[in-house]
Amino acid sequence: MTTTLTVTDLSKHFPVRDGRRRRTLRAVDGVSFTLTAGRTTALVGESGSGKSTIVRVLARLTRPTSGEILLDGDPVRSTRRYRKDVQMVFQDPFASLNPAHTVGHHLRRPLRIHGVTGDVRHGVHELLERVNLTPAEVYARRYPHELSGGQRQRVAIARALAPRPKVLLADEPVSMLDVSIRLEILNLIDRLKREQDLAVLYVTHDLATARYFSSEIMVMYGGRIVERGPADEVILRPAHPYTRLLESAAPDPATPRAARERDDGDAAARRRGVRPPLPQAGCPFRPRCPHATDACAGEIPTVAVGEGHQVACLLHAGAPSHRS
Amino acid sequence: MSVLSVRDLSVVYGGPRPTHAVRGVSLELDRGEVLGIAGESGCGKSTLAYALTRLLRPPASVTGGEIVFRAGDGEEVDVLALRGEELRRFRWRRIAMVFQSAMNALNPVISVRRQLADVLATHEPGMSRRAREERCGELLDLVGIDRARLSSYPHELSGGMRQRVLIAMAMALNPDVVVLDEPTTALDVVVQREILQEIDRLRAMFGFAVVFITHDLSLLLEISDRLAVMYGGRIVESGTARDLMAAPAHPYTVGLLGSFPSLRGERRVLHGIPGSPPDLSLVEPGCSFAPRCPYAFDACGEVTPAPLPVGATTAACLQHDRTLRPAGPDPGLAARRFTAEDAGGLRPSRPPGDPEPGGHQTGVRDHGGART
Amino acid sequence: MTAVTAPAVTAEPAGPRRPLRSGKLIAGLAVAGFFVLAGVLGPLFAGDPEEIGYERLMPPSAGHWLGTTNTGQDVLAQLLVATRGSLTIGVVVGVLATVISLLVGVLGAYLGGWLDEGFSLLSNVFLVIPGLPLVILITDYLETGGPVALALTITITSWAGPARVIRAQTLSLRGRDYVDAARVSGERGWRIMVFEILPNLVPIIAAQLVFAVIGGILLDAALSFLGLAGGSAGSWGSMLYFAQNASALSTGAWWWFVPPGLCIAVLGAGLSLINFGIDEIIDPRLRRATS
Amino acid sequence: ACTGGGAPPVAAGGGATAGSTSSAAAATRILDVYTGASGQNTANFNPFTPTPLHGVQGMIYEPLMFFNQAKAGDVQPQLATAYRFADGGRTLTFTLRPGVKWSDGRPLTAEDVAFSFELAKKNPKLNSGINSGGNVMTSVEATGATEVTLKFKEPAYTRLWNIAGQSWIVPRHIWEKIKDPATDPNKNPVGTGPFVLGDFSPQTYVLKKNPQYWETGKPKIAGMRFYSFNGGDAATTALAAGQLDWSGLFMPDIDKQYVAKDPEHNKYKNESFLYVTNLVPNLKKAPFTDVAVRRAVNVALDRKKIIDLAFAGLGKMPNPLGLVLPQYQDYIAPQFANTQLEYDPAKARQILEQAGYQRGADGVYAKDGKRLSITCTVVTGWTDYISTMQIVKQQLKEVGIEFKSKEVSFNAFSAAQTSGDFQMHIWNAWGGPGPYYMYNNILNSANVPPAGQNQARWKNDVVDAALSTIAQTPPEDTEAVKQAIQRIQEQVVAEVPYIPIQQSSALAEFRTLHATGWPSEENPYALALPFYVPDGAIVAKNLVPVP
Amino acid sequence: MGYLRRKIVFYAVALWAAVTLNFAIPRLIKGNPVDIMLARAAQGGQPMPAEARHALELQFGVSDDPLWQQYLGYVGNLLHGRLGLSVTYYPTPVSTVIAQSLPWTLGLAGVALLVTVVLGLGLGMLAGWRRGGAVDALIPATTFLAAIPYFWLALILLYVLGLGLGWFPLNGGYDYAGVQMGPTLAFAASVASHGALPALTVVASSVAGWMLGMRNMMVSTMAEDYVVMAEAKGLSPRRVMLAYAARNAVLPSVAGFAISLGFVVSGLLATEVVFAYPGIGFALLQGVQNADYPLMQGIFLIISLAVLGANLLVDLLYGVIDPRTRKA
Ligand SMILES: Nc1ncnc2c1ncn2[C@@H]1O[C@H](COP(=O)(O)OP(=O)(O)OP(=O)(O)O)[C@@H](O)[C@H]1O
Ligand SMILES: Nc1ncnc2c1ncn2[C@@H]1O[C@H](COP(=O)(O)OP(=O)(O)OP(=O)(O)O)[C@@H](O)[C@H]1O
Ligand SMILES: [Mg+2]
Ligand SMILES: [Mg+2]
């Protein structure tokens with residue numbers, strides 16, 4: 001049976017202070033998706049759209065306001081058991097390793113905690129070898145500051161793999177790394193995913209790597225998933241105005257400079273310096289959307305626009321809708 | 001006629017282990033053009049930018065070379081010789097700079113108005129208060145920010161707005177050159193795009209030359225006229241964006257280009273550049289990229305390569321040195337591939353503990369290798 | 001997105017492997033070491049500091065290296081015993097204040113919520129309530145305890161500052177990814193506090209400890225000098241008190257008055273140097289450009 | 001009874017050689033005085049409060065008579081010219097001096113005197129000691145224009161000092177209008193004394209000459225300025241710098257610190273017969289319940305060394321009788337005429353061994369498994385006592401007694417005195433104008449704290465009876481008084497309730513640059529201590545400015 | 001909890017704590033004013049007769065009421081501004097004693113603090129600006145100064161500059177014999193010359209802390225991009241130093257100002273004793289020595305209130321100088 005992590009109607013609200021008024025920030029608002037073993041799901045979206053919040057909720061670092069998380073169809077068990085199955089790789093490899101401990105320590109602890117049987121030392125070496133940090137004995141003795149960024153991130157990945165998890169959450173795992181080593185790390189995650197049949201959630205800003213490394217892409221805006229579908233579908237045939245904006249903004253040397261300047265109305269959405277606040281109901285992108293109508297303030301149905309390709313936008317509401 | 005010529009510039013951070021951050025860099029910046037400088041973190045890009053704007057502070061010092069600025073009327077200024085009042089007047093009016101992080105480049109406790117007006121008050125003391133106020137408003141208009149925001153403090157602005165304020169500030173005196181040191185790295189892609197377009201528009205309007213620094217090669221390829229690729233304090237390859245993309249001559253450039261998947265294009269072999277950047281405190285002969293270079297051969301460890309014209313670009317790589325390789329560069333390199341397997345030459349000895357580059361191809365759907 | 005790969009030179013938090021090379025630190029440690037040695041071994045070699053003799057108010061001589069008091073006691077012997085006393089007070093205050101501040105600061109900041117609100121309120125209140133008057137009042141109550149009770153009292157007024165510093169630092173450490181990473185690994189709360197956060201607080205703790213030691217010694221000196229230390233604790237301060245009582249300075253007996261004050265100042269400066277050294281290790285920017 | 005005025009002061013020799021001051025300037029010169037005040041002055045000129053400003057008692061308000069403690073039996077008339085006991089000491093009549101005027105010009109009347117005594121009687125808060133006739137007074141009446149009669153429940157012979165010498169006479173016409181005499185600061189004092197209030201500030205104040213003072217020609221000096229210092233050292237500094245004309249500071253090295261600075265003018269007098277410093281054993285606590293221990297300690301002390309080292313050689317040898325000598329030489333029982341305090345460590349050990357103590361391995365005697373260990377409480381920072389402790393410790397160690405000293409705050413010390421929660425402490429015993437006073441203070445079982453100063457908590461029937469006898473005996477009957485005193489001496493010598501350390505060293509420093517006429521060994525017309533009441537006033541009015 | 005609410009709770013609790021500590025501590029101290037006064041009288045040679053104890057107890061209002069009743073009474077009196085009568089200066093009200101001494105302390109502390117802060121921040125700024133320069137080289141020397149106990153420095157200065165060289169008067173708040181208190185030039189001059197040495201002591205021993213703090217902040221601030229940017233803008237060095245570097249570097253010092261007040265008060269206490277300065281520090285010492293509960297309470301309360309008030313002021317001021325705190 002393949003492992004799945006199913007998230008249903010997940011919400012996370014933060015009380016925030018707006019000048020003198022208090023209001024609720026819906027960082028994540030009714031999000032549902034499934035992570036499947038052996039597959040990478042990418043989560044993209046603009047800064048502040050709630051990507052990290054989802055990851056933190058899934059990693060049990062933050063309590064959700066509402067929603068259900070099922071691991072292999074079961075509701076979540078004790079945190080410790082859960083953590084054995086769901087692990088996380090952080091964005092910043094410099095911050096996610098404790099400067100006071102050796103690489104060996106970072107790997108030994110999860111092995112001990114999760115009762116991995118057998119020789120712990122051997123387990124550590126095995127992990128290091130799996131992420132290509134050889135000779136393992138040498139690396140096990142090093143401190144994080146003696147490693148380069150890429151090496152650190154590999155240690156972080158090894159740590160996440162230590163309890164033999166089924167789900168790996170990776171929150172922008174390479175955005176802090178130099179371009180030249182990003183690919184290596186992504187390739188490593190990809191390989192491990194296949195070797196260990198992991199379900200991977202890959203959070204990123206970078207549409208290009210999202211397309212390359214994942215089978216499915218989910219696009220978030222304002223706490224909601226506004227579009228999802230097979231990677232190539234979403235990138236090459238974006239349906240939601242926000243996805244289109246995102247896609248057009250991404251640098252792509254393959255596309256000639258002039259071609260970027262096509263006027264699809266997105267420019268209007270870009271010209272604003274100030275981000276309008278998120279509306280309380282309806283489509284969150286409405287205030288920036290060139291196609292917005294009054295109807296966008298109402299209920300937004302999720303419609304399928306292709307094979308497994310869904311979008312929450314009234315522009316496509318003509319198509320048969322599948323509520324999620 | 002270049003507005004800025006840099007010849008053989010070297011910068012060293014003093015201390016117990018001096019860091020040779022910029023090593024004999026030569027550049028020409030033409031009036032009105034966009035010169036992109038790309039390179040890995042720590043390769044000396046910012047140091048170069050600070051040297052151009054004379055902002056280096058101890059322990060950094062320029063140890064050699066010269067920087068010449070040519071004003072519109074042809075008058076030449078030896079930038080490195082400027083002192084005191086002269087230097088003060090030269091700054092910003094001639095070369096302005098936009099910093100990487102607008103959050104840090106704006107003083108958090110002074111209002112936007114005062115930070116803008118400061119420039120005007122210093123460089124145009126004759127200007128009346130009212131005129132200054134008006135000009136500040138104009139500047140904000142220019143970058144698409146509401147004038148009312150003049151009274152705001154930096155923390156009250158979004159990241160994109162702050163970056164725009166910085167750009168407005170750079171425009172204040174109509175400078176000849178604007179140095180942009182990673183002006184958009186901290187921003188959301190959408191906002192990043194807005195800012196880039198803003199810069200492009202203003203450049204068209206005022207005609208200043210731009211030195212654009214970033215590690216994001218795909219971005220540079222898109223926006224710059226000419227490109228220089230830096231590695232280990234040196235410029236290893238330069239040329240027009242089109243030429244560089246089409247026919248990179250240096251293995252590092254090849255590797256770098258291979259690190260960026262194309263958003264919409266064909267899927268192709270993707271690989272990183274294994275290994276770590278060089279230690280800039282070591283001054284040894286030889287090519288600093290050699291330890292990571294799949295095409296390195298014996299001479300690479302001994303001879304420091306000089307820039308050579310290779311096709312349409314200029315590259316500092318011994319593979320193209322006919323005296324050392326009469327047969328011409330390795331075919332893999334000629335085919336612009338960056339893999340050990342493809343490398344026909346000797347495999348470089350790796351620094352201890354560096355991983356095998358193995359596995360870097362797995363998982364990537366290879367749609368036919370190199371482009372044609 | 002920021003790209004970072006080069007071994008960072010500046011932003012690096014102090015790891016245990018960071019070389020502790022700092023001239024100030026070494027000089028400071030040397031001074032402190034000297035006093036510790038004097039305090040521990042000195043009294044064994046010095047004569048009886050209470051031995052009263054007929055050689056009253058004698059200037060330094062071969063017999064009495066630092067002269068005698070108005071009752072003919074040997075100043076050097078007294079100074080050595082006082083060194084022990086002052087150091088004891090300083091160290092006890094330092095350790096206690098640091099322990100309390102660690103408990104309050106780390107627990108509060110890590111657990112957060114009402115506990116943190118309560119703890120930080122408490123430490124803020126203790127910070128604003130003037131210390132010396134409070135200590136004066138309390139020592140009066142604790143008349144009998146001797147140096148340890150005095151140290152306890154001084155501690156009451158000296159834990160709050162360090163607690164605030166440690167809390168702030170813990171708050172910042174708590175937000176670090178490696179703490180979250182440890183949680184994701186399944187580490188328990190106390191283990192995270194003790195093994196993940198505490199080691200990274202070490203430089204700050206050291207700085208606070210040193211600071212509290214200076215504070216303890218100075219406060220004890222002030223209290224003793226005012227005659228409020230509740231019993232002659234045998235510290236530099238009480239030596240000064242007795243010297244002052246006997247008008248040592250106005251009778252020209254500088255050898256009685258100057259050494260204890262100088263000891264306080266030199267030790268204080270030495271400890272400050274240690275602090276600077278630690279500061280420079282935490283924040284290398286503070287190093288002198290030339291060093 | 002006594003007659004006559006105060007003895008004319010002997011003119012001090014020398015005289016100012018620096019005589020740049022004209023005699024007119026001398027006459028207006030204000031002398032600078034330090035009485036030991038510290039901190040700020042607050043304007044309190046109410047003589048009935050516990051701590052009025054120095055000079056209020058004596059210089060502004062006067063008592064009826066002056067009891068000179070510097071000279072045994074010397075009693076000088078002041079506002080009263082004579083007194084008379086009747087009715088077995090239960091009635092006391094004063095004859096008042098005629099022609100005395102209040103400083104506002106009104107005459108002093110018998111009504112004023114009666115009112116002053118009545119005030120304390122009516123107002124329990126005022127009854128706080130020196131200004132009281134005690135609550136034994138039943139009535140007070142002006143029995144004539146210059147005569148006042150007081151009646152008592154019990155014979156008041158021994159209370160004459162308090163009644164006549166330490167009770168302040170205030171003008172009725174002013175004080176009857178004062179609502180609460182216990183707390184009124186009496187900002188504009190009107191008295192009969194030789195001085196009146198000049199200017200006042202929280203830092204300093206001046207009492208200036210009362211031109212209509214009853215003793216003609218006095219005072220001669222223009223006035224005195226009273227200083228307040230925040231510490232002994234500041235005062236010492238000022239004194240050494242020649243800023244003060246008169247003070248009562250204890251200076252261990254007075255010759256070096258003070259006299260040497262200006263040997264010609266800087267003089268001092270050691271009033272060494274005022275009190276006795278005792279080690280006070282708590283007789284209610286072991287081991288002092290055992291007289292052998294007290295006696296052993298008593299002979300184990302080398303007092304010469306203690307006085308030399310701890311009291312800078314300024315104290316006098318005390319005697320086993322606990323009397324101040326030579327003041328009361330006449331009262332010594334013949335059998336004790338030549339008794340001195342012994343220093344004999346061997347004898348101390350012998351006493352202990354006879355009493356059944358055995359020396360332990362640590363060199364300390366023990367009995368019934370209890371080591372002979374004494375803890376003596378001393379006030380923090382009282383350096384001469386602390387030094388004493390250090391010497392005593394060494395000396396007792398010699399004879400096999402462990403001695404520890406414990407320094408506590410004055411607060412805690414005084415609380416322990418009252419509660420009896422101490423084993424031993426060191427304290428001064430003071431007397432009065434006669435041997436009775438000291439004995440009564442420290443030996444009378446009625447005066448066990450909190451009531452009085454019997455700190456040893458001694459109860460001896462013979463002593464109590466003797467003290468009671470003296471209280472019932474008219475002072476004229478000196479022989480009866482003497483016999484009673486001698487009965488007490490026998491008990492004291494046998495029982496050793498206190499262990500005397502030294503006879504007082506109270507220093508009075510005065511400069512002869514601006515004034516002469518200070519008390520001297522030859523003419524001890526009053527204690528030279530400026531803080532002593534009313535002696536300070538007596539000295540002040542007898543000073544002669546140096547032209 | 002919101003920022004504002006947190007602040008209000010803080011001030012309320014701090015105030016309550018100060019008031020209650022103030023009530024509790026003197027009651028925990030052994031001894032009472034009557035015992036003290038009797039002991040003092042006895043020690044001073046004028047032992048009081050047995051009746052005196054009761055009279056004194058009446059006068060000083062030594063109370064056997066249950067503590068809570070005393071507490072209520074105490075709080076009630078405070079609310080009416082009644083601090084009771086001082087024992088030491090009986091029957092003077094505590095408020096009068098405080099009113100007499102407070103101006104001296106305020107004046108001395110105010111001037112000393114002002115000089116310290118201005119000097120310390122100024123020197124710190126210069127030291128940080130020219131790191132490794134002449135001013136920076138002063139730092140070790142000032143550290144040594146800072147480690148010297150206030151009172152010891154005070155005494156040494158007193159003996160060297162006062163007694164030895166005669167440059168300064170030895171003690172007191174002004175020349176008591178020479179000039180009259182009043183709004184005259186002579187008085188002002190006398191106050192100034194008497195205050196100079198105590199103030200110098202305070203300045204000398206506390207300036208280092210400010211200097212060092214400012215220097216370190218300055219060094220950190222100088223590395224900030226906005227300072228580099230200000231330089232890049234071609235602003236004059238003076239302007240960069242003052243408006244960009246120092247302006248920001250001073251913020252933590254301002255925040256620490258109120259906290260440091262407590263230390264200044266403590267230091268002043270010892271200094272006042274040494275210089276016989278007629279301030280509140282010595283009054284407190286007297287209060288303690290005489291078990292003068294009302295006086296101790298009054299002074300402790302005043303000091304606490306002053307420090308709290310200063311904190312409040314700094315909190316308010318901080319909002320003005322650091323716009324970032326206005327929101328949040
Ligand atoms: N603890 C918190 N308290 C209040 N608001 C929060 C908290 N954590 C996150 N938020 C808010 O929730 C929203 C979503 O944040 P989140 O970090 O999930 O975004 P993100 O998509 O990961 O952004 P980025 O790409 O910048 O990492 C943001 O507006 C953020 O300010
Ligand atoms: N103040 C300094 N002292 C010593 N070395 C320094 C200092 N600043 C930078 N360096 C070193 O100089 C080299 C070049 O730094 P620089 O900041 O120019 O790199 P960069 O290319 O701008 O990198 P990034 O992309 O991370 O901004 C690096 O190796 C860095 O470690
Ligand atoms: Mg995020
Ligand atoms: Mg840079």
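These figures come from a predicted structure and were not determined experimentally. Per chain, the residues get numbers from 1 upward, laid out in the order the sequence is written. Each chain is given a letter, starting from A, and each ligand a number, starting from 1, according to the order in which they appear as written. Restriction of local features to residues with pLDDT of at least 70 applies here, the model being predicted, together with a cutoff of 80 or more for giving and counting side-chain atom pairs; totals for whole chains, interfaces and linings are based on all residues. For side-chain calculations, the full set of non-hydrogen atoms in the structure is used, while hydrogens and water are omitted.

Caption draft 1: Representation of the environment of A:Ser32. Residue and element names in this part refer to chain A. Positionally, serine 32 belongs in strand β2 (residues 21–36). Judged by its relative accessible area of 18%, serine 32 is buried. Spatially, the C-alpha atom of serine 32 lies 6.3 Å from that of leucine 10, the residues being 22 residues apart in sequence. Every residue in contact with serine 32, bar those within four places of it in the chain, is listed here: Val7, Thr8, Asp9, Ile225 and Arg228. Engagement of the side chain of serine 32 in a polar contact is seen with the backbone nitrogen of aspartate 9, the distance being 2.8 Å. Put simply, DSSP H or I for four residues or longer makes a helix, DSSP E for two residues or longer makes a strand, and each gets a number counted from the N terminus. Relative accessibility decides the category of a residue: with a 1.4 Å probe and only protein chains considered, values under 20% of the type maximum give buried, values over 50% give exposed, and everything between is partly exposed. Note on contacts: a residue pair is in contact if any heavy atoms of the two residues lie within 4.5 Å. Polar contact criterion, stated in full: a pair of N or O atoms within 3.5 Å, where within protein one must be able to donate a hydrogen and the other to accept it, and residues adjacent in sequence count only if both atoms are side-chain atoms.

Caption draft 2: Looking closely at the confidence of the model for chain C. Summary statistics for chain C give a mean pLDDT of 79 and a share of 84% for residues scoring 70 or more. Note on scores: pLDDT gives the predictor's confidence for each residue, bounded by 0 and 100. A low-confidence stretch, residues 1–19 of chain C (pLDDT under 50), is modelled with 41 contacts involving residues beyond four sequence positions or located in other chains.

Caption draft 3: Layout of the interface of chain D and chain E. Tallying the contact residues gives 55 residues for chain D and 57 residues for chain E. Buried area is understood as the total, over both parts, of accessible area removed when two parts are fitted together, assessed with a 1.4 Å probe. Roughly 4,600 Å² of surface becomes buried between chain D and chain E when both sides are summed, with 56% attributable to carbon and sulfur atoms. A side-chain nitrogen of Lys or Arg and a carboxyl oxygen of Asp or Glu constitute a salt bridge if their distance falls within 4 Å. Between chain D and chain E we count 0 salt bridges in total. Counting the contacts that link chain D with chain E gives 2 residue pairs in polar contact (both at pLDDT 80 or more). A per-element tally of the side of chain D that touches chain E places helix α12 (residues 410–419) of chain D first, with 7 residues.

Caption draft 4: Broad picture of the UniProt feature "transmembrane region" (unreviewed entry) in chain C. Residue and element names in this part refer to chain C. UniProt positions are given in the numbering used here, feature names are shortened, and annotations may be inferred rather than shown by experiment. Per the UniProt record, "transmembrane region" (unreviewed entry) is annotated on residues 25–46, 87–109, 121–142, 148–166, 201–233 and 253–278. Between the C-alpha atoms that bound residues 87–109 the distance is 31 Å, and the span itself is 100% helix and 0% strand. As annotated, residues 253–278 comprises 96% helix and 0% strand, and the C-alpha atoms at either end are separated by 39 Å.

Caption draft 5: Representation of the UniProt feature "transmembrane region" (unreviewed entry) in chain E. Sequence positions flagged by UniProt for "transmembrane region" (unreviewed entry) are, in local numbering, residues 104–126, 138–165, 185–212, 249–278 and 298–321 of chain E. Secondary structure content for residues 185–212 of chain E is 100% helix and 0% strand, while the C-alpha to C-alpha distance between its ends is 38 Å.

Caption draft 6: Highlighting the site of ligand 2. Lining the immediate surroundings of ligand 2 are 14 residues, of which B:Ser41, B:Gly42, B:Lys45, B:Ser46 and B:Thr47 lie closest. Those residues lying near ligand 2 are distributed over chains B and C. In this structure, an oxygen atom belonging to ligand 2 sits 2.8 Å away from a side-chain N or O atom of B:Ser41. Between ligand 2 and the protein, one listed contact pairs an oxygen atom with a backbone N or O atom of B:Gly44 at 3.1 Å. Here the open area of atoms and residues is found with the Shrake-Rupley method and a 1.4 Å probe, where only the protein chains shown may cover a residue. Relative to its unbound accessible area of 630 Å², ligand 2 is 71% covered by the protein chains. For the shell around ligand 2, the elements supplying multiple residues, two or more each, are β2 (19–30) and α1 (45–52) of chain B. Taken together, the residues that form the shell around ligand 2 break down as 5 nonpolar, 6 polar and 3 charged. In these notes, residues near a molecule or strand are those with any non-hydrogen atom within 4 Å of it. Each residue receives one of three labels: charged for Asp, Glu, Lys and Arg, nonpolar for Ala, Val, Leu, Ile, Met, Phe, Trp, Tyr, Cys and Pro, and polar for the others, Gly being one of them.

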